Amino acid sequence: MRFGAKIVDLACLNHFSRVMSTITKLAKTCTLRLTDGKLYFILSDKVAHGGVSMWCELCQGNFFDEFQMEGVAADHNEIYLELVPENLSRALKTAQSAKAVKIKLTNKHCPCLRVAVELPSLSSSSRIVTHDIPVGVIPRRLWNDFREPSVPDFDVSIYLPVLKTMKSVVERMKNLSNTIVIEANLSGEMNLKIETDLVSVTTHFKDLGNPPWASEDGYQSSAQARDLESMAEARIDIKKLQQLLAGQQVNPTKALCNILSKRIVHFILLHEDVSLQYFIPALA
């Protein structure tokens, strides 16, 4: 089992650093799955137990100048590691002006991701700062726990408003309640609502547009038969929504939300080379 990668391009390095900052805001620990062509950051708190789950996918070719890996076996050319994303994010922050960054899986005293940052220096010898980030190697028998979450048959799919706007609305509402109701319909309307004994506040968004799911991916959803005006809604933990919005360092080109009434809200944020899915279970 081997893994080594190198980033020379500063723009790619800063982009990767921003992705890591986003993940750090969403997960204290997560699973890093390495394959030949992609990296995945996975958080699979069982949604059934009220946990959120996250699936972030990166094409390695868009970030790394060199990338080599050998998985645990020829027929299972993958590696699954458990890590604290903040440690990796911190190491990358020291590399803001680096000439190159190498990341390598090592195993001296325990398995580590070694991040070697080559800093520019005035003399001919280069300065290298290394960070050893402890990781856990996840055995193959547990890999099935980290499969891509299946997208539920949702009631409504809708594009999100500008995330900065949505974030400031949610931040104001967070001071008033621990939960928020997200509701949307197939006419491009979405409402964010909080209702407590003392106050009820609703922010309305219009003309957001609804993604043409069925035609594009052959996704058939129960949304087809719905009345266009009727709202699908879910009450969720406002902190979890705020975390997602506050963590966005990567400005997505497309952001949408799927609602399965009273069960789950599924967010998809797409960037050219990163896709992030985030599932927040509904509260009773």
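The rules behind these values
Residues numbered from 1 in each chain as written. Predicted model: local features only at pLDDT ≥ 70, side-chain atom pairs only at ≥ 80, totals over all residues. Heavy atoms only, no water. UniProt positions renumbered as here; feature names shortened; annotations may be inferred. Salt bridge = Lys/Arg side-chain N within 4 Å of Asp/Glu carboxyl O. Helix = DSSP H or I, 4+ residues; strand = E, 2+ residues; numbered from the N terminus. Buried < 20%, exposed > 50% of the residue type's maximum accessible area, 1.4 Å probe, protein only. Domains from an automatic or database assignment. Buried area = accessible area lost by both parts, 1.4 Å probe. Polar contact = N/O pair within 3.5 Å; in protein donor to acceptor, adjacent residues only side chain to side chain. Nonpolar A, V, L, I, M, F, W, Y, C, P; charged D, E, K, R; others polar. Pairing = 2+ DSSP bridges.

- Labelled according to an unreviewed UniProt entry, the protein appears under the name Checkpoint protein HUS1, originating from Rostratula benghalensis.
- Entered under Sequence similarities (unreviewed entry) in the UniProt record, the comment concerning the protein runs "Belongs to the HUS1 family."
- Here the protein is described in UniProt, under the heading Subunit (unreviewed entry), as follows: "Component of the toroidal 9-1-1 (RAD9-RAD1-HUS1) complex, composed of RAD9A, RAD1 and HUS1. The 9-1-1 complex associates with LIG1, POLB, FEN1, RAD17, HDAC1, RPA1 and RPA2. The 9-1-1 complex associates with the RAD17-RFC complex. HUS1 interacts with POLB, HDAC1, FEN1, PCNA and RAD9B. HUS1 does not interact with RAD17. Interacts with DNAJC7."

**With respect to the pattern of salt bridges**
Reasoning step 1: With the rule as written, the count across this model stands at 10 salt bridges.
Reasoning step 2: In this structure, the salt-bridge partner of Asp132 is Arg114, at a minimum N-O distance of 2.8 Å. Highlighted residues: Asp132 in strand 9 (residues 127-134) and Arg114 in strand 8 (residues 111-119), separated in sequence by 18 residues.
Reasoning step 3: Classification of Asp132 as partly exposed rests on a relative accessible area of 40%.
Reasoning step 4: The salt bridge partner of Arg235 is Glu195, with a shortest N-O separation of 3.7 Å. With Arg235 in strand 15 (residues 232-237) and Glu195 in strand 13 (residues 190-195), the pair connects residues that are 40 residues apart, well separated along the chain.
Reasoning step 5: The exposure class assigned to Arg235 is partly exposed, which follows from its relative accessible area of 27%.
Reasoning step 6: By sharing partners, the salt bridges in this structure join Glu183, Lys193, Glu195 and Arg235 into a single network.

**A word on the domain arrangement of the protein**
Reasoning step 1: Here the protein is described as being made up of domain 1 (2-145) and domain 2 (156-216 + 229-255).
Reasoning step 2: By the criterion of area lost to domain 2, the three top residues of domain 1 are Thr22, Lys25 and Leu26, representing 57% of everything that side buries.
Reasoning step 3: Run the count over domain 1 and domain 2 and you get zero salt bridges.
Reasoning step 4: Applying the counting criterion to the domain 1 and domain 2 interface returns zero residue pairs in polar contact (both at pLDDT 80 or more).
Reasoning step 5: Of the residues belonging to the side of domain 1 that touches domain 2, the class tally is three nonpolar, four polar and two charged.

**Some points on the pairing of strand 16 (residues 254-260)**
Reasoning step 1: By the criterion of burial, strand 16 is predominantly enclosed, with six of the seven residues buried.
Reasoning step 2: Of the strand pairs in this sheet, strand 11 (residues 156-159) and strand 16 are connected by four bridges, and their pairing is antiparallel. Counted as the bridge partner of Tyr159 is Leu256 from strand 16.
Reasoning step 3: Sheet topology places strand 16 next to strand 17 (residues 264-270); seven bridges connect them, and they run antiparallel. Looking at strand 17, one finds that Leu256 is bridged to Ile268.
Reasoning step 4: Between strand 16 and strand 17, which pair antiparallel in sequence order, lie three residues; one of them, Lys262, sits at a positive phi of approximately 60°.

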